[in-house]
Amino acid sequence: MKLDDFLVDIFYFFHNSSKRLTDFKEFQQFTEVEEEKILKHCPTRWLSLEKVGNRTLSQLPALKSYFASHEDIEKPGKVKSINKRLHDPLTELLLLFMKFILPIINNFNTIFQADESKIGSLLPEMDRLLRKLLVKFVQMKYVKATNDLKAGFPGQ
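Every chain is numbered on its own, with residues counted from 1 as its sequence reads. Local features in this predicted model are restricted to residues of pLDDT 70 or higher, and side-chain atom pairs are both shown and tallied only at a pLDDT of 80 or more, whereas totals for entire chains, interfaces and linings draw on every residue. Just so you know, side-chain values use all the structure's heavy atoms and leave hydrogens and water out.

Summarise the packing of aromatic side chains; cite the residues concerned and give the values.
The geometry of an aromatic ring pair is captured by the separation of the ring centres together with the interplanar angle, meaning the angle of the planes. A pair of Phe, Tyr and Trp rings is counted when the ring centres sit within 6.5 Å of each other, with Trp represented by its six-membered ring. The angle between the planes then sorts it: under 30 degrees is stacked, over 60 is edge-to-face, the rest tilted. Applying the stated criterion to the full structure yields 12 aromatic pairs. Between Phe14 and Phe24 the ring centres are 4.9 Å apart and the planes differ by 45°, which places this aromatic pair in the tilted class. With Phe14 in helix α1 (residues 3-14) and Phe24 in helix α2 (residues 18-30), the pair connects residues that are 10 residues apart, well separated along the chain. On the accessibility criterion, Phe14 (2% relative accessible area) is buried. A helix here means a DSSP run of H or I that spans at least four residues, while a strand means a run of E at least two residues long, and both kinds are numbered starting from the N terminus. For every residue, the accessible area obtained with a 1.4 Å probe (protein chains only) is divided by the maximum for its type, and the residue is called buried under 20%, exposed over 50%, and partly exposed between those limits.

As C-alpha cells, then:
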C-alpha cells in the first residue's frame, strides 16, 4: 500500500464516526499526545502530504495504541491493514524522511504556482533545489566547490 493511500485510509476510518473519534481522544490522552484532528490527504493536492504526514507522525503513538487494541483487530479489513502498516518500522521511517525532505521540495513547487510564467527562473531555482538537497547528504565543501552540478550527468 502506498503511503498516501494509507494516510487517506486513516482519515476515512475516523470520518463521520463520532464513536471512533471519541475513543481515539481517550487514546490521545492516554499516550499524552496533543488532541488534534486526523487530517485528510488529497492526492490531487499533493502539497497537503507534508501537513498530513507531520500530523500522522505526531499522532503515531495514539494511532498505534488505538488500532492495536481495536475490537476488529483479528478480522480481515481496514483495522487489521492499518494496524499492520502503523506497526511497520518503515512507516515511521518514511514519515520522518518526508518531514525532513518535503519542506524543501514544497518550497520549490510553490515558487512556480504563480499566475505569470516563471520559466526564466527555472534553471537557477532547480540549481538551488539541487544544492539544498545535496547538502543534506554531501559535505558542504564539495557542494560549494562544484560550479556546474550538471557536469556529472550523462549527456551533459
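Which residues make up the nonpolar core, and what are the values?
Judged by nonpolar contacts, the single largest core of 26 residues is most densely connected at Ile10, Phe14, Leu63, Phe67 and Leu86. For this core, the secondary structure elements donating two or more residues are α1, α2, α3 (48-68), α4 (78-86) and α5 (89-111). Of all the elements, α3 adds the most residues to this core, at eight residues. When neighbours within four sequence positions are excluded, Ile10 is seen to be in contact with Ile38, Thr56, Leu63, Ile82 and Leu86. By convention a nonpolar core is built from buried Ala, Val, Leu, Ile, Met, Phe, Trp, Tyr and Cys residues, the set being connected through side-chain atoms within 4.5 Å. Contact criterion: two residues are considered in contact whenever any of their non-hydrogen atoms come within 4.5 Å of each other.

Before we move on, can you summarise the packing of α1 against α5 with the specific residues and values?
In this analysis, axes come from line fits to C-alpha atoms, helices being fitted only over the stretch in contact, and the angle between any two N-to-C directions falls in the range 0 to 180 degrees. Viewed as axis vectors pointing N to C, α1 and α5 meet at an angle of 100°, and their least axial separation amounts to 12 Å. Taken together, the axis directions place α1 and α5 in an arrangement best described as roughly perpendicular. Facing α1, whose interface residues are Leu3, Phe6 and Leu7, α5 presents Thr91, Leu94, Leu95 and Met98. In the contact of α1 with α5, the residues fall into six nonpolar, one polar and no charged. Here roughly perpendicular refers to angles of 65 to 115 degrees, roughly parallel to angles under 35, roughly antiparallel to angles over 145, and oblique to all remaining angles. Under the convention adopted here, Pro, Cys and the residues Ala, Val, Leu, Ile, Met, Phe, Trp and Tyr are nonpolar, Asp, Glu, Lys and Arg are charged, and Gly plus all remaining residues are polar.

I'd like a rundown of the layout of surface pockets, residues and numbers included.
Grid spacing is 1 Å over the protein atoms alone, the probe is 1.4 Å, and a cavity is where that probe fits but cannot get out, while a pocket is an open set with protein on both sides within 12 Å along at least five of seven lines and lining residues have an atom within 4 Å of a point. Grid points are joined across faces, edges and corners, and a volume is the space filled by probe spheres set on the points. Size it by volume and the largest pocket reaches roughly 230 Å³. Looking at the largest pocket, the residues that line it are Phe11, Phe14, His15, Asn16, Leu21, Phe24, Lys25, Gln28, Glu35, Glu36, Lys37 and Ile38. Mapped by element, the contributors of at least two residues to the lining of the largest pocket are α1 and α2. In terms of residue count, the dominant contributor to the lining of the largest pocket is α2 (four residues). Partitioned by chemical class, the residues of the lining of the largest pocket number five nonpolar, three polar and four charged. Within this model, the second largest pocket holds a volume of roughly 150 Å³. Considering the residues around the second largest pocket, the lining is formed by Lys19, Arg20, Asp23, Phe27, Tyr66, Ser69, His70 and Glu71. Tallying contributions element by element places α2 first for the lining of the second largest pocket, with four residues. When grouped by side-chain class, the residues that make up the lining of the second largest pocket number two nonpolar, two polar and four charged.

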